[in-house]
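Structure assessment
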Amino acid sequence: RNRERSIVSVMRERLPRPLVEMLRGAGELAQSLGYGVYAVGGFVRDLLLARPNMDLDLVVEGDGIAFARAFAEQHNARVKAHHKFKTAVVIFPDNTRIDVATARLEYYERPAALPTVQLSSIKMDLYRRDFTVNALAVNLTPGSFGTLVDFFGAQRDIKGRNIRVLHSLSFVEDPTRILRAVRFERRFEFQIGGQTLRLIKNALQLNLFNRLSGARIFHELQLIMEEEHPTDCLKRLQELKVLQAIHPLFQLTAKRIDILEELEKVRTLYTLLYVEPPVTGWKLFFQGLTMNMERNEAAQLLRRLGVAPREEREHLSTREMVGKALGKLMQWREGVSRPSDIYFALERLPLEGVLFLMAKSRKDAVRKHISQYLTTWRFHTLEVSGTDLKQLGLSPGPDYTRILRRILAAAIDGEAPGREDQLAMAARLVKMR
Ligand code: ATP
């Protein structure tokens, strides 16, 4: 049933030349060790979909760790090995990584008196994966270089834009695959296949989520919230009744959907403008998902998801600070309040809280100021310090903080732009004290 075809020309066309050469090198190395090696998973899927993907996963028929060591040596890279799982990560000097796994020869027990079948190890490796579209491999071994290995109809499903599991116990084996199915469906604008949809409904009827650890669900939710359009995924999950299966409080309302969509836009804007610090998807979107919940309800939901106590506290306090800041910002009127007021209203908020405020405040003037806060005000550093105050003869005490913050406000408001002005201001304030 394996539908083999050569995709060398596709690889040449869609992958950077050095990468193709590296893949060839991997195949030659494996052969010299007496192994076979394949590129697998998302990398191959995205190659066929013509979507850039630099996350390379290799599967070795042989000793994956030994292969990884030899490969790393050729490329001046390091290896982190996990002996328990026979996997390794090759880490290149520029910090890019390649995952290497070992495909074991396994014997597939069949019921009754039928003979045990020995599956080729790459087939067995692919069979354990979540969906057909992720169960593709490209042979890298010389002689077969560029041969696509497709045991489960992945090419057909990519053409037909279908998300399909490999067997009917897939969701029983691992219910988090339900979240993955939706994530891939929305990302690629595919359709979850009819039979797969029925299996999802079955899994939900069996209450499989109840037995699943919060951390595993949360991990998949985090991945969803790093997608470009998490709201579509969440809406689909609600439609399939997955959210309520995770926790009864996990609910999208019209208002929440509204804000989630606004959050997507704000995040896109932010990531187009800056790189640092990066936004953490879940911290942003959970502000929207717990909107209009009681504090203890939000806490319950986060606990169900195994969120660490420290992160739970951070989330809850951000919610509170956002509420207070929103009150202040709504009173904000051009010409009356000053940039420093905004600065002090926002300074203690984590980035995700600031972005949430931006999504919440539909008033252009307020948005403009939050965006100014992000572009310039938040980087304002004082050019005077406590040492300067000490030299001006200020005695120890709370006046230090008070005076420095007065100067900071003046700097942000453009009244004391350089060190000269700030020092002069410091001298005045120390004298006046
Ligand atoms: P992405 O583009 O989001 O990185 P990916 O397909 O590379 O997608 P990963 O989460 O990095 O996804 O997983 C790598 C591969 O491991 C997948 O292609 C999939 O075949 C397999 N995999 C991951 N999670 C599961 C799971 N829960 N069950 C079965 N296979 C899985």
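Here the structure is a predicted model, which is why all the values come from computation and not from measurement.

Thresholds applied
- Residues numbered from 1 in each chain as written.
- Predicted model: local features only at pLDDT ≥ 70, side-chain atom pairs only at ≥ 80, totals over all residues.
- Heavy atoms only, no water.
- Helix = DSSP H or I, 4+ residues; strand = E, 2+ residues; numbered from the N terminus.
- Buried < 20%, exposed > 50% of the residue type's maximum accessible area, 1.4 Å probe, protein only.
- Contact = heavy atoms within 4.5 Å.
- Domains from an automatic or database assignment.
- Pairing = 2+ DSSP bridges.
- Axes fitted to C-alpha atoms, helices over the stretch in contact; angles between N-to-C directions.
- Salt bridge = Lys/Arg side-chain N within 4 Å of Asp/Glu carboxyl O.
- Near = heavy atom within 4 Å.
- Polar contact = N/O pair within 3.5 Å; in protein donor to acceptor, adjacent residues only side chain to side chain.
- Areas by Shrake-Rupley, 256 points an atom, 1.4 Å probe, with all protein chains shown as cover.
- Core = buried A, V, L, I, M, F, W, Y, C linked by side-chain atoms within 4.5 Å.
- Parallel < 35°, antiparallel > 145°, perpendicular 65-115°, else oblique.
- Left-handed = near helix turned anticlockwise from the far one by under 90°.

A few words now on the overall build of the protein chain. When helices and strands are counted, the protein chain shows 22 helices and 12 strands. Once the C-alpha set of the protein chain is aligned to its principal axes, its extents read approximately 95 × 50 × 35 Å. Within the protein chain, the proportion of its 433 residues that are buried is 50%. Of all intrachain contacts in the protein chain linking residues separated by at least 6 positions in sequence, the fraction that spans at least 24 positions is 66%.

Under the domain assignment used here, the protein chain contains domain 1 (5-154), domain 2 (161-245), domain 3 (247-379) and domain 4 (386-432). Computed from C-alpha coordinates alone, the two centres of domain 1 and domain 3 are separated by 42 Å.

Along helix α11 (residues 230-239), the residues that are buried comprise P230, T231, C233, L234, R236 and L237. Taken from the residues just after α11, K241 is the one with a positive phi, measuring 65°.

Across the sheet, which stays open at both edges, the 8 strands sit in the order β1-β10-β9-β2-β3-β6-β5-β4 with mixed pairing between neighbours. Here the strands that pair on one side only, and so sit at the sheet edges, are β1 (5-6) and β4 (78-82). Looking at chain direction, strand β2 (residues 36-40) and strand β9 (residues 137-139) are connected through 3 bridges and run antiparallel. The partner of A39 across the bridge, within β9, is V138. Strand contacts of helix α2 (residues 17-33): β2, β3 (56-61) and β6 (97-103), with the helix running at about 150° to β2, the strand carrying the most contacts.

In the sheet, β4 pairs with strand β5 (residues 87-91) via 5 bridges, with the strands oriented antiparallel. Each residue of the ladder has a partner; that of H82, found in β5, is T87. Connecting the antiparallel pair β4 and β5 is a turn made up of 4 residues, with K86 showing a positive phi of about 55°.

Attention now goes to the pattern of salt bridges. Scanning the entire structure with this criterion turns up 28 salt bridges. One salt bridge connects R419 with D388, and the closest N-O pair in it is separated by 3.1 Å. Remark: D388 occurs in helix α20 (residues 386-391) and R419 occurs in helix α22 (residues 419-432); sequence separation between them is 31 residues. According to the relative accessible area criterion, R419 is partly exposed, its value standing at 36%. Look at D388 and you get buried, because its relative accessible area is 10%.

A few words now on the site of the ligand. Within the structure, the ligand sits among 13 residues, and R45, D174, R177, R183 and R187 are positioned closest to it. In this structure, a nitrogen atom belonging to the ligand sits 3.1 Å away from a main-chain N or O atom of D130. Look at the ligand: alone it shows 590 Å² of surface, and the protein chains cover 72% of it. Where the shell around the ligand is concerned, the elements lending two or more residues are α3 (42-48) and α8 (176-188). In terms of domain composition, the shell around the ligand takes at least three residues from each of domain 1 (5-154) and domain 2 (161-245).

Moving on to the nonpolar core. Formed by 119 residues in total, the largest nonpolar core has its most connected members in F67, F286 and L346. Residues in contact with F67, not counting those within four places in the same chain, are A26, L29, A30, L33, Y35, V37, L58, V60 and V100.

Phi at A50 takes a positive value of approximately 60°, unusual for a residue other than glycine. Relative to the helices and strands, A50 is located in the loop between α3 and β3. Look at A50 and you get partly exposed, because its relative accessible area is 48%. Even without being a glycine, K86 presents a positive backbone phi close to 55°.

Take the side chain of H315 next. Topologically, H315 is positioned in helix α16 (residues 309-330). The residues touching H315, leaving out its near neighbours within four places in the chain, are F286, Q287, T290 and L302.

Right, let's get into the environment of G146. Within the secondary structure layout, G146 lies in the loop between β9 and β10 (147-149). Residues G146 and R402, 256 residues apart in the sequence, show an inter-C-alpha distance of 68 Å. When neighbours within four sequence positions are excluded, G146 is seen to be in contact with R5, S6, I7, V8, M11, V138 and N139.

What follows is about the packing of helix α14 (residues 281-289) against helix α18 (residues 351-360). It is at 9 Å that the axes of α14 and α18 come closest, and there the two elements cross at 45°. One way to sum up the angle between α14 and α18 is to call them oblique. Both α14 and α18 take part in a crossing whose hand is right-handed. Here K283, L284, Q287 and G288 of α14 lie close against α18, whose contacting residues are E352, L355 and F356.

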